[in-house]
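Structural description and commentary
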Amino acid sequence: MSQPQSGRGDEPKAVKSTPLPAKVDLSAVNKTVWLVKVPKYLAARWERIPGDLEAGKVKICKSSPTARPTLTLSLSDATMCLTEPGESEIPKEHAFQVGPIHQTLIAFDHTEAPKDDLFPSEPDKVRILGKVSEKLECRPYADSSYMAMKMEEIKRASKPARSVQQLDRVVNNYKPVADHKNNIEYEQRKKAEGKKARDEKDKVLEMLFAAFEKHQYYNVKDLVKITNQPIGFLKEVLKEVCNYCVKNPHRNMWELKPEYRHYKQDMDD
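Presented here is an overview of the structure given in this document. Computed from a predicted structure; not experimentally measured. (Residues numbered from 1 in each chain as written. Predicted model: local features only at pLDDT ≥ 70, side-chain atom pairs only at ≥ 80, totals over all residues. Heavy atoms only, no water.)

For the chain, the helix and strand inventory stands at eight helices and ten strands. The buried share of the chain, reckoned over its 269 residues, is 19%. At a minimum sequence separation of 6, the contacts of the chain that also span at least 24 residues come to 62%. For the chain, the accessible area works out to roughly 22000 Å², and carbon and sulfur atoms hold 52% of it. (Helix = DSSP H or I, 4+ residues; strand = E, 2+ residues; numbered from the N terminus. Buried < 20%, exposed > 50% of the residue type's maximum accessible area, 1.4 Å probe, protein only. Contact = heavy atoms within 4.5 Å. Areas by Shrake-Rupley, 256 points an atom, 1.4 Å probe, with all protein chains shown as cover.)

In C-alpha coordinates:
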(Lines give C-alpha, C1' and ligand atoms only; values in the text may rest on other atoms or scores of the structure.)
Protein backbone atom coordinates (compact mmCIF):
# COMPACT_ATOMS: atom_id res chain seq x y z
CA MET A 1 0.00 0.00 0.00
CA SER A 2 1.42 3.40 -0.97
CA GLN A 3 1.95 6.11 1.65
CA PRO A 4 -0.26 9.26 1.67
CA GLN A 5 1.21 12.25 -0.11
CA SER A 6 1.70 15.52 1.77
CA GLY A 7 -0.24 18.48 0.39
CA ARG A 8 -1.08 22.06 1.21
CA GLY A 9 -3.19 22.73 4.25
CA ASP A 10 -4.56 20.17 6.66
CA GLU A 11 -6.99 18.47 4.25
CA PRO A 12 -6.54 14.68 4.25
CA LYS A 13 -5.94 12.97 0.94
CA ALA A 14 -7.21 9.56 -0.06
CA VAL A 15 -4.68 6.76 -0.04
CA LYS A 16 -4.37 4.90 -3.30
CA SER A 17 -4.51 1.20 -2.49
CA THR A 18 -2.94 -1.62 -4.44
CA PRO A 19 -5.45 -4.41 -5.28
CA LEU A 20 -4.71 -7.73 -3.71
CA PRO A 21 -3.93 -10.64 -6.05
CA ALA A 22 -6.90 -12.84 -6.88
CA LYS A 23 -7.08 -16.43 -5.65
CA VAL A 24 -7.95 -19.03 -8.30
CA ASP A 25 -10.28 -21.89 -7.39
CA LEU A 26 -9.02 -25.01 -9.23
CA SER A 27 -11.58 -27.49 -7.89
CA ALA A 28 -13.31 -27.84 -11.29
CA VAL A 29 -10.20 -27.88 -13.45
CA ASN A 30 -10.84 -31.49 -14.60
CA LYS A 31 -14.42 -30.82 -15.69
CA THR A 32 -15.36 -30.42 -19.36
CA VAL A 33 -17.60 -27.63 -20.67
CA TRP A 34 -19.01 -26.56 -24.04
CA LEU A 35 -18.15 -23.20 -25.57
CA VAL A 36 -21.27 -22.07 -27.47
CA LYS A 37 -21.56 -18.96 -29.63
CA VAL A 38 -25.15 -17.68 -29.86
CA PRO A 39 -26.68 -14.90 -32.01
CA LYS A 40 -26.91 -11.40 -30.57
CA TYR A 41 -30.71 -11.40 -30.43
CA LEU A 42 -30.67 -14.63 -28.44
CA ALA A 43 -28.02 -13.36 -26.01
CA ALA A 44 -30.10 -10.22 -25.45
CA ARG A 45 -33.18 -12.33 -24.63
CA TRP A 46 -31.28 -14.53 -22.20
CA GLU A 47 -29.86 -11.50 -20.39
CA ARG A 48 -33.43 -10.36 -19.59
CA ILE A 49 -34.81 -13.73 -18.54
CA PRO A 50 -34.96 -14.43 -14.77
CA GLY A 51 -32.69 -17.15 -13.42
CA ASP A 52 -35.54 -19.36 -12.22
CA LEU A 53 -37.17 -19.72 -15.65
CA GLU A 54 -36.30 -22.22 -18.36
CA ALA A 55 -34.42 -20.66 -21.29
CA GLY A 56 -34.70 -23.62 -23.69
CA LYS A 57 -34.06 -27.31 -24.25
CA VAL A 58 -31.11 -28.95 -26.01
CA LYS A 59 -31.83 -32.20 -27.88
CA ILE A 60 -29.03 -34.63 -28.75
CA CYS A 61 -29.90 -37.14 -31.49
CA LYS A 62 -27.69 -39.94 -32.79
CA SER A 63 -28.76 -41.82 -35.91
CA SER A 64 -26.16 -44.62 -35.55
CA PRO A 65 -23.48 -45.65 -33.05
CA THR A 66 -20.69 -44.47 -35.34
CA ALA A 67 -22.36 -41.25 -36.55
CA ARG A 68 -21.68 -37.90 -34.90
CA PRO A 69 -24.69 -36.73 -32.84
CA THR A 70 -26.75 -33.74 -33.98
CA LEU A 71 -27.72 -31.07 -31.48
CA THR A 72 -30.73 -28.76 -31.67
CA LEU A 73 -32.02 -25.99 -29.41
CA SER A 74 -35.70 -25.26 -28.83
CA LEU A 75 -36.37 -21.98 -27.01
CA SER A 76 -38.86 -21.94 -24.17
CA ASP A 77 -42.08 -19.92 -24.11
CA ALA A 78 -40.55 -17.61 -21.50
CA THR A 79 -37.72 -16.68 -23.88
CA MET A 80 -40.12 -16.18 -26.79
CA CYS A 81 -42.40 -13.89 -24.75
CA LEU A 82 -39.65 -11.52 -23.60
CA THR A 83 -40.19 -9.02 -26.41
CA GLU A 84 -39.70 -5.28 -26.09
CA PRO A 85 -41.71 -2.60 -27.96
CA GLY A 86 -40.64 -2.50 -31.60
CA GLU A 87 -38.77 -5.80 -31.36
CA SER A 88 -39.61 -8.49 -33.90
CA GLU A 89 -40.16 -12.16 -33.13
CA ILE A 90 -37.15 -14.46 -33.13
CA PRO A 91 -36.88 -18.06 -34.42
CA LYS A 92 -37.67 -20.74 -31.90
CA GLU A 93 -35.66 -23.65 -33.38
CA HIS A 94 -31.88 -23.54 -33.72
CA ALA A 95 -29.16 -25.98 -34.70
CA PHE A 96 -25.63 -26.37 -33.37
CA GLN A 97 -22.67 -26.55 -35.71
CA VAL A 98 -19.58 -28.19 -34.20
CA GLY A 99 -16.29 -26.44 -34.82
CA PRO A 100 -12.71 -27.60 -34.41
CA ILE A 101 -10.58 -26.75 -31.38
CA HIS A 102 -6.95 -25.99 -32.22
CA GLN A 103 -5.80 -24.86 -28.77
CA THR A 104 -6.46 -25.45 -25.08
CA LEU A 105 -9.33 -23.30 -23.82
CA ILE A 106 -10.30 -22.83 -20.18
CA ALA A 107 -13.56 -21.24 -18.97
CA PHE A 108 -13.47 -19.26 -15.72
CA ASP A 109 -15.70 -17.02 -13.62
CA HIS A 110 -14.53 -13.72 -12.13
CA THR A 111 -16.25 -12.08 -9.14
CA GLU A 112 -15.04 -8.66 -8.03
CA ALA A 113 -14.57 -8.00 -4.33
CA PRO A 114 -16.28 -5.01 -2.60
CA LYS A 115 -14.52 -1.73 -3.39
CA ASP A 116 -12.70 -0.04 -0.52
CA ASP A 117 -10.18 2.70 -1.38
CA LEU A 118 -8.42 2.65 1.98
CA PHE A 119 -8.43 -0.97 3.14
CA PRO A 120 -9.31 -3.72 0.64
CA SER A 121 -11.07 -6.43 2.60
CA GLU A 122 -10.51 -9.39 0.29
CA PRO A 123 -9.19 -10.12 -3.22
CA ASP A 124 -11.28 -10.85 -6.32
CA LYS A 125 -12.53 -14.42 -6.71
CA VAL A 126 -11.58 -16.36 -9.83
CA ARG A 127 -13.06 -19.81 -10.33
CA ILE A 128 -12.18 -22.28 -13.07
CA LEU A 129 -15.35 -23.69 -14.63
CA GLY A 130 -13.65 -26.37 -16.70
CA LYS A 131 -11.79 -27.23 -19.87
CA VAL A 132 -13.54 -26.61 -23.21
CA SER A 133 -14.25 -29.94 -24.88
CA GLU A 134 -16.67 -28.81 -27.60
CA LYS A 135 -16.82 -25.58 -29.58
CA LEU A 136 -20.30 -24.99 -30.99
CA GLU A 137 -22.07 -22.28 -32.92
CA CYS A 138 -25.83 -21.82 -32.53
CA ARG A 139 -27.55 -20.96 -35.83
CA PRO A 140 -31.25 -20.51 -36.56
CA TYR A 141 -33.07 -22.46 -39.25
CA ALA A 142 -33.76 -20.46 -42.40
CA ASP A 143 -37.54 -20.68 -41.95
CA SER A 144 -40.27 -18.06 -42.37
CA SER A 145 -39.81 -16.57 -38.87
CA TYR A 146 -36.09 -16.08 -39.45
CA MET A 147 -36.68 -14.46 -42.85
CA ALA A 148 -39.29 -12.13 -41.32
CA MET A 149 -36.87 -11.12 -38.57
CA LYS A 150 -34.08 -10.37 -41.05
CA MET A 151 -36.49 -8.37 -43.19
CA GLU A 152 -37.37 -6.17 -40.17
CA GLU A 153 -33.68 -5.67 -39.40
CA ILE A 154 -32.98 -4.61 -42.98
CA LYS A 155 -35.90 -2.14 -42.90
CA ARG A 156 -34.71 -0.58 -39.63
CA ALA A 157 -31.13 -0.34 -40.91
CA SER A 158 -32.23 1.32 -44.17
CA LYS A 159 -34.47 3.84 -42.41
CA PRO A 160 -32.78 7.27 -42.45
CA ALA A 161 -31.87 8.78 -39.11
CA ARG A 162 -33.43 12.11 -40.15
CA SER A 163 -36.81 12.60 -41.74
CA VAL A 164 -38.77 15.55 -43.15
CA GLN A 165 -41.44 16.92 -40.83
CA GLN A 166 -44.23 19.34 -41.65
CA LEU A 167 -44.38 22.28 -39.23
CA ASP A 168 -47.75 23.55 -38.05
CA ARG A 169 -46.43 26.76 -36.46
CA VAL A 170 -43.88 29.47 -37.14
CA VAL A 171 -40.37 28.75 -35.89
CA ASN A 172 -38.25 31.73 -34.79
CA ASN A 173 -34.92 31.61 -36.58
CA TYR A 174 -32.06 33.87 -35.53
CA LYS A 175 -30.56 35.25 -38.71
CA PRO A 176 -26.97 36.56 -38.83
CA VAL A 177 -26.58 40.35 -38.58
CA ALA A 178 -23.89 42.60 -39.97
CA ASP A 179 -23.29 44.29 -36.62
CA HIS A 180 -24.58 43.83 -33.10
CA LYS A 181 -26.70 46.31 -31.18
CA ASN A 182 -24.03 47.03 -28.57
CA ASN A 183 -21.44 47.89 -31.21
CA ILE A 184 -23.88 50.19 -33.03
CA GLU A 185 -24.72 52.06 -29.81
CA TYR A 186 -21.04 52.46 -28.99
CA GLU A 187 -20.24 53.92 -32.40
CA GLN A 188 -23.19 56.30 -32.19
CA ARG A 189 -22.16 57.47 -28.72
CA LYS A 190 -18.58 57.92 -29.91
CA LYS A 191 -19.71 60.10 -32.83
CA ALA A 192 -22.01 62.13 -30.59
CA GLU A 193 -19.17 62.93 -28.18
CA GLY A 194 -17.04 64.07 -31.06
CA LYS A 195 -13.29 64.30 -31.22
CA LYS A 196 -11.66 65.21 -27.94
CA ALA A 197 -10.12 68.65 -28.05
CA ARG A 198 -7.04 69.72 -26.12
CA ASP A 199 -7.59 72.03 -23.18
CA GLU A 200 -5.08 74.43 -21.73
CA LYS A 201 -2.18 72.67 -20.06
CA ASP A 202 -2.78 74.46 -16.74
CA LYS A 203 -6.42 73.33 -16.75
CA VAL A 204 -5.39 69.72 -17.39
CA LEU A 205 -2.85 69.94 -14.55
CA GLU A 206 -5.53 71.24 -12.19
CA MET A 207 -7.76 68.27 -13.05
CA LEU A 208 -4.87 65.85 -12.56
CA PHE A 209 -3.86 67.32 -9.18
CA ALA A 210 -7.47 67.24 -8.03
CA ALA A 211 -7.72 63.60 -9.03
CA PHE A 212 -4.48 62.60 -7.30
CA GLU A 213 -5.72 64.22 -4.08
CA LYS A 214 -8.34 61.44 -3.96
CA HIS A 215 -6.15 58.50 -4.99
CA GLN A 216 -2.42 57.96 -5.22
CA TYR A 217 -2.36 55.70 -8.30
CA TYR A 218 -4.34 55.94 -11.54
CA ASN A 219 -4.60 54.02 -14.77
CA VAL A 220 -4.26 56.06 -17.94
CA LYS A 221 -7.74 55.02 -19.09
CA ASP A 222 -9.27 56.41 -15.91
CA LEU A 223 -7.39 59.66 -16.33
CA VAL A 224 -8.67 59.96 -19.91
CA LYS A 225 -12.24 59.71 -18.60
CA ILE A 226 -11.58 62.24 -15.85
CA THR A 227 -9.86 64.86 -18.01
CA ASN A 228 -11.60 64.08 -21.33
CA GLN A 229 -8.31 64.71 -23.16
CA PRO A 230 -6.69 62.88 -26.08
CA ILE A 231 -4.50 60.07 -24.74
CA GLY A 232 -1.40 61.26 -26.61
CA PHE A 233 -1.59 64.80 -25.18
CA LEU A 234 -2.46 63.45 -21.72
CA LYS A 235 0.64 61.21 -21.66
CA GLU A 236 2.83 64.20 -22.51
CA VAL A 237 1.48 66.07 -19.47
CA LEU A 238 1.74 62.99 -17.24
CA LYS A 239 5.41 62.53 -18.09
CA GLU A 240 6.13 66.01 -16.70
CA VAL A 241 4.43 65.61 -13.32
CA CYS A 242 4.08 61.84 -12.82
CA ASN A 243 6.12 58.68 -12.68
CA TYR A 244 5.11 55.51 -14.51
CA CYS A 245 5.17 52.40 -12.29
CA VAL A 246 6.71 49.33 -13.89
CA LYS A 247 6.77 47.05 -10.81
CA ASN A 248 4.06 45.38 -8.79
CA PRO A 249 1.77 45.97 -7.02
CA HIS A 250 0.96 49.16 -9.02
CA ARG A 251 2.31 48.11 -12.38
CA ASN A 252 1.20 50.13 -15.46
CA MET A 253 -0.18 52.93 -13.28
CA TRP A 254 0.77 56.61 -12.81
CA GLU A 255 1.84 58.35 -9.58
CA LEU A 256 2.73 61.96 -8.89
CA LYS A 257 6.40 62.82 -8.63
CA PRO A 258 7.67 63.52 -5.09
CA GLU A 259 7.87 67.28 -5.67
CA TYR A 260 4.14 67.40 -6.57
CA ARG A 261 2.83 65.20 -3.75
CA HIS A 262 1.21 67.95 -1.67
CA TYR A 263 -1.24 65.46 -0.19
CA LYS A 264 1.63 63.84 1.76
CA GLN A 265 2.45 67.15 3.43
CA ASP A 266 -1.18 67.56 4.40
CA MET A 267 -1.17 64.11 5.96
CA ASP A 268 2.05 64.88 7.90
CA ASP A 269 0.58 68.13 9.18
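Within this structure, the stated rule accounts for three aromatic pairs. Ring centres of Phe209 and Tyr260 lie 5.8 Å apart, and the angle between their planes is 25°; this geometry places the pair in the stacked category. Residue Phe209 is located in helix H5 (residues 201-212), and its partner Tyr260 is located in the loop between strand S10 (254-256) and helix H8 (262-268); the two are separated by 51 residues in the primary sequence. On the basis of relative accessible area, Phe209 is assigned to the partly exposed category, the value being 24%. The exposure class assigned to Tyr260 is partly exposed, which follows from its relative accessible area of 29%. Both rings, one in Phe212 and one in Tyr218, keep their centres 5.2 Å apart while their planes meet at 85°; by these two values the pair is edge-to-face. The exposure class assigned to Phe212 is buried, which follows from its relative accessible area of 1%. (Phe/Tyr/Trp six-rings, centres within 6.5 Å; stacked < 30°, edge-to-face > 60°.)

Right, let's talk about the nonpolar core for a bit. Ranked by internal contacts, the top residues of the largest apolar core, which has 17 residues, are Leu208, Phe212, Leu223, Leu234, Leu238 and Cys242. Contributing elements (two or more residues each) for this core: H5, helix H6 (220-227), helix H7 (231-241) and S10. Setting aside residues up to four positions removed in sequence, Leu208 forms contacts with Leu223, Thr227, Leu234, Val237 and Leu238. Core analysis: the next-biggest nonpolar cluster, separate from the first, contains ten residues, Tyr41, Leu71, Leu73 and Leu136 among them. (Core = buried A, V, L, I, M, F, W, Y, C linked by side-chain atoms within 4.5 Å.)

Looking at the secondary structure, you find Glu255 in strand S10. Of note is the side chain of Glu255, whose polar atom sits 2.7 Å from the side chain of Gln216. Setting aside chain neighbours within four positions, we find Glu255 in contact with Phe212, Gln216, Tyr217, Val241, Cys242, Asn243, Cys245 and Arg261. (Polar contact = N/O pair within 3.5 Å; in protein donor to acceptor, adjacent residues only side chain to side chain.)

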